[in-house]
Each structure stands twice: as structure tokens, then as C-alpha cells.
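Overview (structure and organization)
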Amino acid sequence: RYKGKIAEAAAAIRRGEWPSLSPDAASEICFLPCTDDAIAETVVALYDQDPSKTQILTPRRNSLEGTKSLNALCQRRYTGSAKPLRVFNRQYGQYAETGFRQGDVVICTRNRWDIGLQNGSLGKILDIHDVPLVVPSSEGDEVGRSLATVEWDDGECRPLFESLLDD
């Protein structure tokens, strides 16, 4: 995203120029023509080749090739039957699903310097707790109740509190 062929192509596009892109799907960056209704499946098929080293970037949230559609497709394929992350809804007196599942890849969308995360930090939900776990401070006071454990791209495992779900 910030260096190499992808950065070069992005810079050309920002200048209003179409970059020279390989038609080979094995290239670092390529152009694969496909119909609108096949974009999502094509992207996920490419992701299947090496999920641990692949990130999918899209300029839209909505549409067939947008983040919502691609996230839903990837979640169905990879973690659709995994344990869901639920929170207790006090208003209705019952648990509600958050949309996250154990094994999901997540991204922090806001700088959270207080817990060592920044906008763009990537993580993976490792474990969803059946009952929220009390997380103590170094003095023994309760910091919060962890719904799950997330391993972040800095190698740190951090508790996931309900207050972090929007981020």
C-alpha cells in the first residue's frame, strides 16, 4: 500500500494516469477484467490463495465490490460457523450479536493511543469469552470486562471491551 508496485500504481491513478498493470493474477499488482457481479467472488478467490499475507482494499463501503459485501462474503466462507461475539442488551434484556465471530480479522478505525492501537491496526479475534472476564489494573481495580481476546499486528493480545466495538 505504501511502497512498491501498489504505491506506484496508486500515485499514477491520483495523477489521472492509467498504470501499466500485468494481467497475471500471481503478480504483486494486476488488472483482472471481470463482470460487476463477479468482482466479489474474484477478489475472494485471490484472497484464498494466501489469506495470511493478503489484505483486500476497496474504495467503497457499499456496492458489490464494497467492504460490506466483501466482508460478508469472507466471513461466510472463513468464520461463518464460528462462535459469535454477543453483548447483553440491557434495553431488551437479552444478548445481541455484534456481527463479529471468533477467527474474524478486525481493523481498528480510530487512534486509540491509550491502549496502544492506531487507525489501521489489524487484529484477529482469538477467543470469545462465554462470560465477560474482569480485567484488573496493576493496582487490582477493575479496568473493564473483556468480551474477547484480540491478537493485534504488533504481536500483543488485548482484551476487547464493549466500548471498543465501534472502533
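Structure's up top.
Predicted model, so just to flag it, every value in this text is computed and none were measured. (Residues numbered from 1 in each chain as written. Predicted model: local features only at pLDDT ≥ 70, side-chain atom pairs only at ≥ 80, totals over all residues. Heavy atoms only, no water.)

**As for the packing of aromatic side chains**
Applying the stated criterion across every chain yields a total of 3 aromatic pairs. Pairing Trp-18 with Phe-31 gives two aromatic rings, centres 5.5 Å apart and planes at 90 degrees, and the pair type is edge-to-face. In this pair, Trp-18 is assigned in the loop between helix 1 (4–14) and helix 2 (39–48) and Phe-31 in the loop between helix 1 and helix 2, connecting sequence segments 13 residues apart. We classify Trp-18 as exposed; its relative accessible area is 62%. On the accessibility criterion, Phe-31 (40% relative accessible area) is partly exposed. Taking 5.2 Å as the distance between ring centres and 75 degrees as the angle between the ring planes, the aromatic pair formed by Phe-88 and Tyr-95 counts as edge-to-face. On the basis of relative accessible area, Phe-88 is assigned to the partly exposed category, the value being 37%. For Tyr-95, a relative accessible area of 43% translates into the label partly exposed. (Phe/Tyr/Trp six-rings, centres within 6.5 Å; stacked < 30°, edge-to-face > 60°. Helix = DSSP H or I, 4+ residues; strand = E, 2+ residues; numbered from the N terminus. Buried < 20%, exposed > 50% of the residue type's maximum accessible area, 1.4 Å probe, protein only.)

**Looking at the side chain of His-129**
Here His-129 shows up in strand 4 (residues 122–136). A distance of 3.2 Å separates the side chain of His-129 from the side chain of Ser-146, its partner in a polar contact. Setting aside residues up to four positions removed in sequence, His-129 forms contacts with Lys-83, Ser-146, Leu-147, Ala-148 and Thr-149. (Polar contact = N/O pair within 3.5 Å; in protein donor to acceptor, adjacent residues only side chain to side chain. Contact = heavy atoms within 4.5 Å.)

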